[in-house]
Amino acid sequence: MPKRPPPRRYGGRVSSTGGTDRRAEALETLAKEVGFIRKPHGGRMRVALAFPNTYFVGMSNLGLQTVYQLLNADDRVVCERVFLPGRQDLTNDKARRQPLVTIESQTPVSDFDVFAFSVSFEWDYTNVLTMLRMAGLRPRAADRHHRDPLIVIGGAVTFVNPEPLALFADVIAAGEGEVLVPALIEAWHSASDRPDLLDRLTQERGFYIPSLYDVTYDGPGRVAAITPQAGTRAPATVRKAAVRATDHVDPPSTRIFTPDTEFGARFLIEVVRGCANMCRFCWAGYNYLPVRPFDTKRILELAEAARPHATRVGLVSIALCDHPDIVPILEGLLGMGYGISPASLRMDDLTEPVLRLLRESGERSITIAPETGSDRLRRVINKTVTNEEILKRTDMVFAAGFENLKLYYMVGLPTETDDDLVEIRDLTVAMRDRMMHYAKARGTVGRIIASVNPLVPKPGTTYQWMPMTDSATIDQKSKRLRQLVAGLDNVYFNIKSERHSYYQGLLSLGDRRVSAVIELAEANGGNWRAAVADVGLDADAYLYRNKEADPFLPWQIIDGGMKESFFRTELDKSLRAEVTIQPRRVTA
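Throughout this document, residue positions are counted from 1 along each chain, in the order its sequence is written. Local features in this predicted model are restricted to residues whose pLDDT is 70 or higher, and side-chain atom pairs enter the listing and the counts only when it is 80 or higher, whereas totals over whole chains, interfaces and linings include all residues. Side-chain figures throughout are based on the complete set of non-hydrogen atoms in the structure, without hydrogens or water.

Caption draft 1: Region of interest: the overall build of the protein. A helix here means a DSSP run of H or I that spans at least four residues, while a strand means a run of E at least two residues long, and both kinds are numbered starting from the N terminus. Of regular secondary structure, the protein possesses 22 helices and 19 strands. Just to be clear, the radius of gyration here is over C-alpha atoms, and the globule rule we use is 2.2 Å times residues to the power 0.38. For the protein, the C-alpha radius of gyration of 24 Å lies close to 25 Å, the compact-globule estimate for 588 residues. For the protein, the spread of C-alpha atoms along the principal axes amounts to about 70 × 60 × 50 Å. Three labels apply to residues, based on accessible area from a 1.4 Å probe with only protein chains included: buried if under 20% of the type maximum, exposed if over 50%, partly exposed otherwise in between. Per-residue burial over the protein gives 57% buried out of 588 residues. Once local pairs closer than 6 in sequence are excluded, the contacts in the protein between residues at least 24 apart make up 76%. Here, residues are in contact when the closest pair of their heavy atoms is within 4.5 Å.

The following block contains the structure:
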């Protein structure tokens, strides 16, 4: 690609309105960091890498840190980070039209060749638009100039459904960074101009170029087809990019350490990718298949190198104990003096050796996800653990010396009845009783904290065709559950708002017409109700409609690797409370 003009360094200054000097703030940030990379810009592909939230949140994101490392590992590339300013700074910066600048060189983002976003959460969609505007760029790709930076949007949400963001992106990167980043770099250096670059990317796995496709709608909430434009080489569907095996791939891990982040002095590392259980509601379980453990020796080498900068290690995985060497890994980390914090653990992860090592590291809490209180409803969602096994594992947790237990439940599951809500209460009480039994001997009483969320049927899962349970019913179920658990000592239930789930569902299940809602919500300060009303979008058509008869779903433009026939079979089995994978029984 032809090089854009050399960058302008930003010499920020304190404004008369009391705004922050962005350059001084960036230098102060760098002074507290360990591991950042700074390169001369001359002759290199320049990438401004954004996490569409604050520095405090974004620097705890393993995806961002991984892409930063992958880009800078190529000497032909310079990658620098940029984040959304905090609330007060954001207000001041907008008022003064202060340009968005990178941390490493304090260069305006508009001077870079590529402005790339790593997006993990639907609620950050409006922040993508805010950052584009702050960079002096028009949010919609069709309104931008070919000499503007190439806007690339990747991250977890592109696995799920890229369409609500499609009109804002020049390129959607759907898949795993270890495959996407090298392909983007090579295409950039081989291309003669922007159209040639986009054409080359259509031939690589994981790159979806929205401008090369036409969308045909079939009424509110319905997409009849997304088809490649005539004369382009765009594929009919874009296959997600994924590494075949992780034997020779470095596990994603924290590379830049800073005290000014959500997890503080914690070293994050991915231990194993994927989960074989295939819970029917879980998009991550389907989209990160197959299960791929990272190299044990390399995990421990990276942890040892990080030890001077971190006191705790966070093990990132949706199926931690699917790593065949998980016990030696925990023993190695404990030997280095790390405190060890795992992500949410599956029931079959809770073995005595694993619990003993976690407790010896200083961990006091364990997080598990029963999802519901009844064995029947767990079979519906293909979660094969039983209440008997849950209580057996609960005994093991508290016998090992843990004080607290965090639980995840859902409401609004298919075929759910009031009896299922009662069983959430009963199971939680039985777990609380086991906690109290061990607490008496220790003289210290912990607590059980349960988080309850309405089910949002996710794209790329068994439930992608199912209507979301309507707001009135969710509200009724939430009130009923609050009544059931009221007054339970040492038990705290956090039951999420159905309204929160409603708009999350719209962003998750929407098509390109939702883009106008995102634009208005960004402009009006996040009032989603007003944005939907002003656009005139029939949001209920996306959420409360059965889609089994739809010939096409908007997210099917991305081929996540699972066949539609498999999902339809799974849906039928779900409604019969029939499991697909036989229960795994782990002897303690």
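This is not the end of the story, as more comes after the structure.
Caption draft 2: View of the packing of aromatic side chains. Note on ring pairs: Phe, Tyr and Trp rings are taken, using the six-membered ring of Trp, and paired if centres are within 6.5 Å. Classes follow the plane angle, with under 30 degrees stacked, over 60 edge-to-face and the rest tilted. Within this structure, the stated rule accounts for 14 aromatic pairs. Plain terms: the ring middles of W123 and W528 are 5.9 Å apart, the flat faces sit at 65 degrees to each other, and that makes the pair edge-to-face. On the criterion of sequence distance, the pair formed by W123 in the loop between strand 3 (114-118) and helix 5 (125-134) and W528 in helix 20 (residues 528-535) is long-range, its members being 405 residues apart. Note on W123: relative accessible area 29%, which makes it partly exposed. Summarising the aromatic geometry, the rings of Y409 and F493 are spaced 6.2 Å apart at their centres and angled 0 degrees between planes, so their arrangement reads as stacked. Pair noted here: Y409 is in strand 16 (residues 404-411) and F493 is in strand 18 (residues 491-495), with a separation of 84 residues, a long-range link. Connected via pairs of aromatic rings, a cluster forms that spans F159, W283 and Y288. In this scheme, Lys NZ or Arg CZ marks a charge over a ring once it lies within 6 Å of the ring centre and within 35 degrees of the ring normal. Its end group placed over the ring of Y68, R81 keeps NZ or CZ at 5.3 Å from the ring centre. The positively charged end of R307 is found above the aromatic ring belonging to Y338, 5.2 Å away from the centroid.

Caption draft 3: Structural view of the nonpolar core. Buried residues of nine kinds, namely Ala, Val, Leu, Ile, Met, Phe, Trp, Tyr and Cys, make up a nonpolar core once their side-chain atoms join them within 4.5 Å. Of all hydrophobic cores here, the largest spans 110 residues; its most connected members are F115, F117 and I153. No other element matches helix 8 (residues 177-190), which puts seven residues into this core. Excluding its chain neighbours within four sequence positions, the residues that come into contact with F117 are A50, P52, V128, M131, L132, I151, V152, I153 and G154. Grouped together as the second largest cluster of nonpolar side chains are 60 residues, F257, V313, I340 and A430 included.

Caption draft 4: Molecular detail of unusual backbone geometry. The linkage connecting L289 with the following residue, P290, adopts the cis geometry, with an omega of 0 degrees. Residue placement: P290 occurs in the loop between helix 10 (283-287) and strand 12 (292-293). Located in the positive-phi region is T415, a residue other than glycine, with phi close to 70 degrees. Within the secondary structure, T415 is located in the loop between strand 16 and helix 16 (418-442). Take T415: its relative accessible area is 35%, and that puts it in the partly exposed class.

Caption draft 5: View of the environment of P220. You can see P220 is positioned in the loop between strand 7 (213-217) and strand 8 (223-228). The partly exposed category is assigned to P220, whose relative accessible area is 46%. As for P220 and L537, which are separated by 317 residues in sequence, their C-alpha atoms are 7.9 Å apart. In contact with P220, other than residues within four places in its own chain, are R513, D538, A541 and R545.

Caption draft 6: Focus on the pairing of strand 8. Strand pairing is defined by DSSP finding a minimum of two bridges between the two strands. In the sheet, strand 7 pairs with strand 8 via five bridges, with the strands oriented antiparallel. Following the sheet pairing, D214 is matched in strand 8 by T227. Where strand 7 hands over to strand 8, the hairpin turn is made up of five residues, of which G219 adopts a positive phi near 95 degrees.

Caption draft 7: Quick look at the state of the cysteines. Pairs of cysteine sulfur atoms within 2.5 Å are identified as disulfides in what follows. Under the counting rule described, the total for this entry stands at zero disulfides. With no disulfide of its own, C279 lies 6.2 Å from the sulfur of C282, the closest cysteine sulfur. Judged by relative accessible area, which is 12%, C279 ranks as buried. Since its relative accessible area comes to 22%, C282 is described here as partly exposed.

Caption draft 8: Region of interest: the sheet that holds strand 1 (residues 45-51). Strands sit in the order 2-1-3-4-5-6 across an open sheet of six strands; the sheet is mixed. The two strands at the open ends of the sheet, each matched to only one other strand, are strand 2 (77-83) and strand 6 (207-208). Examined bridge by bridge, strand 1 and strand 3 share four bridges and lie parallel to one another. The partner of V47 across the bridge, within strand 3, is V114. All axes are obtained by fitting lines to C-alpha atoms, using only the stretch in contact for helices, and the reported angles, taken between N-to-C directions, cover 0 to 180 degrees. On top of the sheet, helix 3 (residues 62-72) reaches strand 1, strand 2 and strand 3; it is set at about 155 degrees to strand 2, its chief contact.

Caption draft 9: Up close: the sheet that holds strand 15 (residues 365-371). Ordered by their spatial adjacency, four strands build an open sheet running 15-16-17-18, and the pairing between neighbours is parallel. Pairing within the sheet leaves two strands with one partner each, and these edge strands are strand 15 and strand 18. Strand-to-strand, the axes of this sheet are offset by a mean angle of 20 degrees, without reference to chain direction. Of the pairings in the sheet, the one linking strand 15 to strand 16 comprises five bridges and is parallel in character. The residue bridging E371 from the neighbouring strand is Y409, located in strand 16.

Caption draft 10: Structural context of the packing of helix 18 (residues 498-509) against helix 20. Two numbers describe how helix 18 lies on helix 20: the axes approach to 11 Å, and their chain directions differ by 50 degrees. Overall, the two elements helix 18 and helix 20 adopt an arrangement that is oblique. For the pair helix 18 and helix 20, the crossing hand works out as left-handed. Two secondary-structure elements touch here, helix 18 through R499, Y503, L506 and L507 and helix 20 through W528, R529 and V532. For the contact of helix 18 with helix 20, a count of residues per class yields five nonpolar, no polar and two charged. Comment on the angle field: the value is read as roughly parallel under 35 degrees, roughly antiparallel over 145, roughly perpendicular from 65 to 115, and oblique elsewhere. Here a crossing is called left-handed whenever its near helix is offset anticlockwise from the far helix by less than a right angle, and right-handed whenever the offset is clockwise. Side-chain classes follow a simple rule in which Ala, Val, Leu, Ile, Met, Phe, Trp, Tyr, Cys and Pro form the nonpolar group, Asp, Glu, Lys and Arg form the charged group, and the remainder, Gly included, forms the polar group.

Caption draft 11: Representation of helix 11 (residues 296-306) within the structure. The complete set of buried residues in helix 11 reads T296, I299, L302, A303 and A306. In an axial view of helix 11, the angular spread of the buried residues amounts to 135 degrees, which keeps them on one side of the axis. Relative to its buried face, helix 11 has exposed residues pointing more than 90 degrees away, namely K297, E304 and A305. Where the residues of helix 11 are buried, they touch strand 10 (266-270) and helix 12 (326-335). Of the residues flanking the start of helix 11, the one acting as N-cap is D295, its side-chain oxygen 3.3 Å from the backbone nitrogen of K297. The arc in question is formed by the directions pointing from the helix axis toward the C-beta atoms. Contacts described as polar in this section are N or O atom pairs within 3.5 Å, which, within protein, must combine one atom able to donate a hydrogen with one able to accept it, while residues neighboring in sequence count only if both atoms come from side chains.

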